[in-house]
Amino acid sequence: MSNIKLFSGNSHPDLAARIAARLGTELGAVTVKKFANNETGVEIKESVRDEDVYIVQSGSGDVNDNLMELLIMINACKIASARRVTAVIPSFPYARQDKKDKSRAPISAKLVANMLTVAGADHIITMDLHASQIQGFFDVPVDNLYAEPAVIKYITENIPQWQSSVIVSPDAGGAKRVTSIADRLNTDFALIHKERKKANEVASMVLVGDVTGKPAILVDDIADTCGTLALAAQKLFEAGATSVFAIVTHGIFSGKALQILNDSRLNAIIVTNTIPHEDKKQICDRIKTIDVAPIFAEAIRRTHNGESVSYLFKNVPL
C-alpha cells in the first residue's frame, strides 16, 4: 500500500504490530519518551509529507499519558505536512463520561473529541463506543467498528451447545447489543436489571428471561472491576443456567478485578485485544482472547483505498 504510514504509541504496540503484519507493512519509526519533568516527547523518525498516516493508540493503562502521546503524535505528523492523519483508537478514553448525569458534571468524552480535532486528526477509527452519540461529538468522520461479528464467530466455534444458549445483557443499556447477537444466532435472550448504590457498586439484580437448563452468555462492552459480571454469573446459576460465559469488548480489569474473576463462577471471560491483557492472563487463566487486529487492518485498508467499511459491521475479514 503506497503513501501510507502506520505508527504506534506506547499503549498497545502488540496490536499495532499485528495490524501492520496484516497489512503487509512495517510500523513507522517513532520515538516517544518522557523528559525529566515527565513531559511527553515525540520524534517522528521518517518523512510523512503527503502520506496517509494512521496512529494506533488505545485509551488504556496510563490513560492520560497515552492520550497526550496520541495528541502530540497527531500534531507532529500534521505539522510535518501529512496529507491525512487518522487516529486508530481501539478503546476510546473517557467514553463513559458521555453525558451530564448530575449537577456540574463534565462531558469529558466531548472534551477528548475536541482535543483530538484541534490536534489535527482528520478521521477517527474506534470500536464499540460506550455510547454511540460520541460520534456526534466530532466534526470529523468517525468509524465506530463493532466486535459483534468476531463475537458471533467465537461463540459458534468455541462455546459448547451454543445453539441452545441464552444471550444475556448484564444491564438494560446493553439490551440492543444482545438482541442483535441473539437474532443473528437465532437464540433466546435475557437481561439483568441492576440498581447501583454508587459507581462500580451494584445493590441488587433482577433477571428478566429464562435460562433454566441452558448455557448463558453474558455480553457487554466494558469489564472494569468485574463486580457486575461476577454477580450476574451467580444470579444466572441460581436461575438454573448450566454454564456462564462472559464476552466483553474492552477488558480493563482494574482494582481487584482479577481476584473477583478467579473467585467467580464464570466458566470463562472472553475479551478482545483492544486493550493489552496478556500479563493478566498469567494471573487469571479464565481470560480468553479474540483478536480484532484483522478488523482494524481491513478498516485501514478500506479507508486508504476509499472503500466502504460497512462490510465490517456484519462480517469478519478472512
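Every value quoted in this text rests on a predicted model; they were computed, and no experiment measured them.

(A) Structural context of the overall build of the protein chain. Secondary structure summary: the protein chain contains 9 helices and 14 strands in total. Here the C-alpha radius of gyration of the protein chain, 20 Å, is about what a compact globule of 318 residues would show, namely 20 Å. The C-alpha extent of the protein chain, read off along each of the three principal axes, is 60 × 45 × 35 Å. The proportion of buried residues among the 318 residues of the protein chain is 52%. Pairs at least 24 residues apart make up 62% of the contacts formed inside the protein chain by residues separated by at least 6 positions. Counting only carbon and sulfur atoms, one obtains 48% of the accessible surface of the protein chain, whose full area is about 14,400 Å². Side chains of the protein chain carry 35 positive and 36 negative charges; the gap between the two charge centres is 3 Å.

(B) Quick look at the pattern of salt bridges. In total, this model carries 19 salt bridges according to the counting rule given. For E46, the salt bridge goes to K5, with nearest N and O atoms at 2.8 Å. Within this pair, whereas E46 is found in the loop between strand 3 (40-44) and strand 4 (52-56), its partner K5 is found in strand 1 (residues 4-8), the two being separated by 41 residues in sequence. Classification of E46 as partly exposed rests on a relative accessible area of 28%.

(C) Geometry of unusual backbone geometry. With a phi close to 55 degrees, Q161 is a non-glycine residue in the positive phi region. Mapping Q161 onto the fold places it in the loop between helix 4 (148-158) and strand 8 (166-169). The backbone of N186 sits at a positive phi, close to 60 degrees, despite the residue not being glycine. Inspection of the secondary structure puts N186 in the loop between helix 5 (175-185) and strand 9 (188-198). Residue N186 is classed as exposed on the basis of its relative accessible area, which comes to 70%.

Thresholds applied
- Residues numbered from 1 in each chain as written.
- Predicted model: local features only at pLDDT ≥ 70, side-chain atom pairs only at ≥ 80, totals over all residues.
- Heavy atoms only, no water.
- Helix = DSSP H or I, 4+ residues; strand = E, 2+ residues; numbered from the N terminus.
- Rg over C-alpha atoms; globule rule 2.2 N^0.38 Å.
- Buried < 20%, exposed > 50% of the residue type's maximum accessible area, 1.4 Å probe, protein only.
- Contact = heavy atoms within 4.5 Å.
- Areas by Shrake-Rupley, 256 points an atom, 1.4 Å probe, with all protein chains shown as cover.
- Lys, Arg positive; Asp, Glu negative; His and termini not counted.
- Charge placed at Lys NZ, Arg CZ, Asp CG, Glu CD.
- Salt bridge = Lys/Arg side-chain N within 4 Å of Asp/Glu carboxyl O.

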